[in-house]
Amino acid sequence: MFRKVLVANRGEIALRVIRACRELGVATVAVHSEADAAAPHVRAADEAVCVGPPPSAQSYLLGDRIIAVARERGAEAIHPGYGFLSERAWFARAVREAGLVFIGPPAEAIEAMGSKTAARQLAVAAGVPVVPGTTESVGDAQEALALAEAYGFPVLLKAAAGGGGKGMRVVRDAGALEGALGAARREAQNAFGDDAVYIEKYIEGPRHVEVQVLADMHGTVLHLGERECSVQRRHQKMIEEAPSVAVDPALRARMGATAVAAARAAGYVNAGTCEFLLDRDGAYYFLEMNTRIQVEHPVTELVMGLDLVQWQLRIAAGERLPFAQEALVPHGWAMECRITSEDAVNGFLPSTGRVTHLRLPGGPGVRWDGGIEVGTDVGLYYDPMLAKLIVHAPSRPLAIARMRRALGELAVGGVETTRDFHLRVLAHPDFQSGAISIQWLEQHLEELTRPDAPPEVRRLAALAAVLAAQDGRPSGGGGASPPVMAGTGGGWAAAARRDGLRLP
Ligand code: ADP
């Protein structure tokens, strides 16, 4: 095993990697921007080095600077986390050329899966089913029209270099094609510096089901079952679970074998994820392979009972995977809610401010992977994801009940969060019965973002109102309010009093 690892990331994933290292007896070097000098990951690591000003282009994305820090501090390997430098083939190559180990796949595998069109070509060659569509980028609008008519509307325009849902446009009829093509190209050029766009058939009402893969350097490639990530807004995941209500053991085995075939075709090593669309008839289509640890990896860890980040380190250090595929069976049900600093009631507007209070959920089966603490300044420089709340329970209904209980315990003061939004989703009959698709959330956005408080929150608000009354202070708003109130704008307490709510 390595003696020292540099963690090239921030927030919850940097902490996650540092924790895995500590348990393996590996020392850690954190890097950080000037804005993050007091961040939790900086204090959690054994050493920390400031690499630049707040904008990530001048700090967390400075690959060469970060490699230099690793060498100066005697780190033997670099863990990139997700985002930032994690899927940049040039960085993986530069790390290797500096005589260090990149804790992730080889640069060549990142390249092979980096372009959506190249990944589709590779998948087709490996016999992996892909969404009907082109494997090359399209030329002019006329060519695009001919292709769209051949596949049949609706179609989806996608940036070849895409990611994060950018550069994607659904086109429902011929008249809208030319305008959408121009818009997708412009967005792709702005986001990725590459305006190549290709066409796929737009699948109506599918689920997003992805398969976790682990591959060692010695030719063993295993799959760890699926994650269901259909609760999405603007193609961004919000709630993930493992397993999926739509996948039985036979389908799990088939999708798993497909993911393993795709990973082998790319010469994959380390942890990776094959994303699929699963349609209503049980047919599935490869979308892309994410060549990194993913945000939602904990749900797989909980149902499989293993530590994926530690396995990333072990694989990078040359260890062999000791598991038999048949032994990798999910146990129970795990669910994750992404807690972001967004105001769901106001169109998911980013919310900024200082975290004034933080009450974390606990109890059986609850895991908090967070990157904030009281005093953390939540700004606009970085991703709005503050933390992930993850639960594990024997069954899906019990996991939902546990998540609702845990979200009810959570209180973040000083910034708006998506807590109440998650509570609404979890209370919805469609979610509870598992009748969801990737379009479900957008179709129900209005009822899921109502400004009144969910019952779990009203109970807390009632408690806060009582405490405030005992204190002889008005409840709600401001730093002087009790912890359970802050950050919810104070409106819930007023609502609770109006509703005549009493503590049980
Ligand atoms: P990105 O890399 O930008 O995240 P993906 O190809 O992974 O793009 O797609 C993101 C999301 O967009 C998917 O999870 C799914 O919700 C939706 N999507 C992608 N391709 C299709 C398709 N052909 N039909 C319908 N929805 C799609």
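Before going into details, it helps to say that this report is about the structure given with it. A quick note: this is a predicted structure, and the numbers were derived from the prediction, not measured. (Residues numbered from 1 in each chain as written. Predicted model: local features only at pLDDT ≥ 70, side-chain atom pairs only at ≥ 80, totals over all residues. Heavy atoms only, no water.)

Quick notes on the packing of helix 4 (residues 89-97) against helix 5 (residues 107-114)
Our working definition: To get an axis, fit a line to the C-alpha atoms, keeping to the stretch in contact for a helix; angles then go from 0 to 180 degrees between the N-to-C directions. By definition, any uninterrupted DSSP run of H or I lasting at least four residues is a helix, any uninterrupted run of E lasting at least two residues is a strand, and each is numbered from the N terminus. In these notes the angle categories are as follows: under 35 degrees is roughly parallel, over 145 is roughly antiparallel, 65 to 115 is roughly perpendicular, and the rest is oblique. Any pair of residues with heavy atoms lying within 4.5 Å of one another is described as a contacting pair.
Their axes nearest at 8 Å, the elements helix 4 and helix 5 cross at an angle of 175°. Comparing their axes, helix 5 and helix 4 come out roughly antiparallel. Across the interface between the two elements, A89, A92, R93 and R96 from helix 4 touch A107, E108, I110 and E111 from helix 5.

Focus: the site of the ligand
Stated precisely, the cut-off is as follows: A single heavy atom is enough: if one lies within 4 Å of a molecule or strand, its residue is considered near that molecule or strand. Note on areas: Shrake-Rupley, 1.4 Å probe, and residue coverage restricted to the protein chains presented here. Segment limits for the domains were obtained from an automatic or database-derived domain assignment.
Residues in contact with the ligand amount to 20 residues; listed here are only the nearest, K116, K158, G165, H208 and Q232. For the ligand, whose accessible area on its own is 550 Å², the fraction buried by protein is 96%. Breaking the shell around the ligand down by element, the ones donating at least two residues are strand 6 (155-159), strand 8 (197-201), strand 12 (270-278) and strand 13 (284-290). Shared between two domains, the shell around the ligand takes at least three residues from each, and those domains are domain 2 (132-201) and domain 3 (207-448).

Section: the sheet that holds strand 8
Defined as follows: A pair of strands counts as paired when DSSP detects no fewer than two bridges linking them.
Ordered in space as 7-6-8, the three strands form an open sheet in which the pairing is antiparallel. At either margin of the open sheet sits one strand with a lone partner, and together these are strand 7 (169-171) and strand 8. Strand after strand, the sheet turns through a mean of 30° between neighbouring axes, direction not considered. Alignment of strand 6 against strand 8, held across five bridges, turns out to be antiparallel. Bridge pairing in strand 8 places A159 opposite V197. Across the sheet, helix 6 (residues 116-125) is in contact with strand 6 and strand 8; its angle to strand 8 comes to roughly 50°. The strands touched by helix 7 (residues 141-151) are strand 6 and strand 8; relative to strand 8, the strand with the most contacts, the crossing angle is about 15°.

Quick look at the pairing of strand 1 (residues 4-7)
Going by this rule: Think of it in three bands: residues with accessible area under 20% of the maximum for their type are buried, residues over 50% are exposed, and the middle band is partly exposed, with areas taken using a 1.4 Å probe on protein chains only.
Here strand 1 shows a buried face lined by K4 and L6 and a second buried face lined by V5 and V7. Examined bridge by bridge, strand 1 and strand 2 (residues 27-33) share four bridges and lie parallel to one another. The partner of K4 across the bridge, within strand 2, is A27. Relative to strand 4 (residues 77-79), strand 1 runs parallel, the two sharing three bridges. Along strand 4, the bridge assignment pairs V7 with H79.

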